[in-house]
Amino acid sequence: KVDYAVIGCSSLDEDGTILDFDAQEVSVARAILRNSRKTILVADQSKFLVTAPVRIADISDIDYMVTDTPPPARFRDAAIRGQTEIIVTQDLKN
């Protein structure tokens, strides 16, 4: 197992689903998530504007999400229920 896994995605649904277009990339991302102690999702706000067909995971499967702006309320609620910490980079100070 690795200590930290960092993944990206193509799309985020407001219900907390993490999605991508490429089934092979999804298989790799799932394997990475299964074999790590802590999981990190990195995704900007544009991922909420795109839909993709293949499910990678649910936000509850992720320990930390790093994003540029606060996500929509429904997504944030799903993250809270799943005990996923959201880190918003616009809130970080130099």
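Our structure is the block above this text.
The shown structure was predicted, so the numbers you read here are calculated from the model rather than taken from an experiment. (Residues numbered from 1 in each chain as written. Predicted model: local features only at pLDDT ≥ 70, side-chain atom pairs only at ≥ 80, totals over all residues. Heavy atoms only, no water.)

### Re the side chain of Ser36
Right, on to step 1. Along the chain, Ser36 turns up in strand E4 (residues 36-42).
Right, on to step 2. Separated by 3.3 Å, the side chain of Ser36 and the backbone oxygen of Ile32 make a polar contact.
Right, on to step 3. A distance of 3.3 Å separates the side chain of Ser36 from the backbone oxygen of Leu33, its partner in a polar contact.
Right, on to step 4. Apart from residues no more than four positions distant in its own chain, Ser36 is found in contact with Lys1, Val2, Tyr4 and Ala5. (Helix = DSSP H or I, 4+ residues; strand = E, 2+ residues; numbered from the N terminus. Polar contact = N/O pair within 3.5 Å; in protein donor to acceptor, adjacent residues only side chain to side chain. Contact = heavy atoms within 4.5 Å.)

### Brief notes about the sheet that holds E4
Right, on to step 1. Spatial ordering of the open sheet is given by E1-E4-E6-E7, a layout of four strands whose pairing is parallel. Strands at the two margins of the open sheet, each flanked by one partner only, are strand E1 (2-7) and strand E7 (85-88). Put simply, the sheet's adjacent strands are angled 20° from each other on average, direction ignored.
Right, on to step 2. In terms of strand pairing, E4 meets strand E6 (residues 64-67) through three bridges, oriented parallel. The residue of E6 that forms the bridge with Val42 is Val66. (Pairing = 2+ DSSP bridges. Axes fitted to C-alpha atoms, helices over the stretch in contact; angles between N-to-C directions.)

### Considerations on the nonpolar core
Right, on to step 1. Leu12, Ile18, Leu41, Ile56, Ile59 and Met65 are the most contacted members of the largest nonpolar core, which has 18 residues in total.
Right, on to step 2. Elements supplying a minimum of two residues to this core: helix H1 (23-34), strand E5 (54-58) and helix H2 (73-81).
Right, on to step 3. Ile18 has contacts with Cys9, Ser11, Leu12, Leu41, Val54, Arg55, Ile56, Ala57, Asp58, Ile59 and Ile62, leaving out every residue within four places of it along the chain. (Core = buried A, V, L, I, M, F, W, Y, C linked by side-chain atoms within 4.5 Å. Buried < 20%, exposed > 50% of the residue type's maximum accessible area, 1.4 Å probe, protein only.)

### Side note on the sheet that holds E5
Right, on to step 1. Overall, antiparallel pairing links the three strands, which are arranged E2-E3-E5 in an open sheet. Across the chains shown, the open sheet's two edge strands, defined by having one partner strand only, are strand E2 (11-12) and E5.
Right, on to step 2. Across the sheet, H1 is in contact with strand E3 (17-20) and E5; its angle to E5 comes to roughly 15°.

### Concerning the side chain of Asp20
Right, on to step 1. Inspection of the secondary structure assignment puts Asp20 in strand E3.
Right, on to step 2. Nearest to the buried, unbridged Asp20 among oppositely charged side chains is Lys47, at 8.1 Å.
Right, on to step 3. Only 3.2 Å separates the side chain of Asp20 from the side chain of Ser10, close enough to count as a polar contact.
Right, on to step 4. Ignoring anything within four residues of it in the chain, the contact list for Asp20 reads Cys9, Ser10, Glu25, Val26, Ala52, Pro53, Val54 and Ile56. (Lys, Arg positive; Asp, Glu negative; His and termini not counted. Salt bridge = Lys/Arg side-chain N within 4 Å of Asp/Glu carboxyl O.)

### Concerning the pairing of E7
Right, on to step 1. With four bridges joining them, E6 and E7 adopt parallel strand pairing. The residue of E7 that forms the bridge with Tyr64 is Glu85.
Right, on to step 2. Note that the unit made of E6, H2 and E7 has a crossover that is right-handed. (Right-handed = clockwise from strand over helix to strand, strands pointing away.)

### Quick notes on the environment of Lys38
Right, on to step 1. The topology assignment puts Lys38 in strand E4.
Right, on to step 2. Put simply, Lys38 and Glu85 are 47 residues apart on the chain and 12 Å apart in space, counted from C-alpha to C-alpha.
Right, on to step 3. Not counting chain neighbours up to four residues away, the residues in contact with Lys38 comprise Asp3, Tyr4, Ala5, Asp63 and Tyr64.

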